[in-house]
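Overview (structure and organization)
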Amino acid sequence: MNSYVGTVNEMNAMLEENTKKVAAMEGDMKKKEEKTSQLRMAMHHAEQEIIQMQSLVDCVAEVHPVVSKHIMGMQPNFNFKARGLSR
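Since the model is a prediction, treat every value here as computed from it, not as a measurement.

A closer look at the overall build of the chain
When you go through the chain residue by residue, the secondary structure sums to 2 helices and 0 strands. For the chain, the C-alpha radius of gyration of 29 Å lies well beyond 12 Å, the compact-globule estimate for 87 residues. In terms of overall dimensions, the chain has a C-alpha envelope of 95 × 20 × 15 Å along the principal axes. Burial analysis of the chain (87 residues in total) assigns 1% to the buried set. Just so you have it, the chain exposes about 8,300 Å², and 61% of that area is on carbon and sulfur atoms. Within the chain, the 11 negative side-chain charges are centred at a point lying 6 Å from the centre of the 11 positive side-chain charges.

Printed below as a string of structure tokens:
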């Protein structure tokens, strides 16, 4: 009988320990989700700025086509990755 009581107490201690671990992991996960949300918002703003800059370049291309041709000629050396942000 004493061995059963000892085993039950041991299992209860393990349960409490695992409950604490789960709570700690849930807290870590919540922090990471918040950080991910912040990074997504920052990426969204950066993409919007890129689109605005592309619009500005398009306007300059209409007003000053020679400058636009010069910039487009230099573009392959910029090594930008295509991200599918064009309108």
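Continuing now.
Things to note about the pattern of salt bridges
In the structure shown here, the tally under the stated rule is 1 salt bridge. The shortest N-O distance in the salt bridge between Glu 17 and Lys 21 comes to 3.5 Å. Of this pair, Glu 17 and Lys 21 both sit in helix 1 (residues 2-63), 4 residues apart, which is roughly one turn of that helix.

The rules behind the values
Residues numbered from 1 in each chain as written. Predicted model: local features only at pLDDT ≥ 70, side-chain atom pairs only at ≥ 80, totals over all residues. Heavy atoms only, no water. Helix = DSSP H or I, 4+ residues; strand = E, 2+ residues; numbered from the N terminus. Rg over C-alpha atoms; globule rule 2.2 N^0.38 Å. Buried < 20%, exposed > 50% of the residue type's maximum accessible area, 1.4 Å probe, protein only. Areas by Shrake-Rupley, 256 points an atom, 1.4 Å probe, with all protein chains shown as cover. Lys, Arg positive; Asp, Glu negative; His and termini not counted. Charge placed at Lys NZ, Arg CZ, Asp CG, Glu CD. Salt bridge = Lys/Arg side-chain N within 4 Å of Asp/Glu carboxyl O.

Function-wise, these values are silent; they only describe arrangement.
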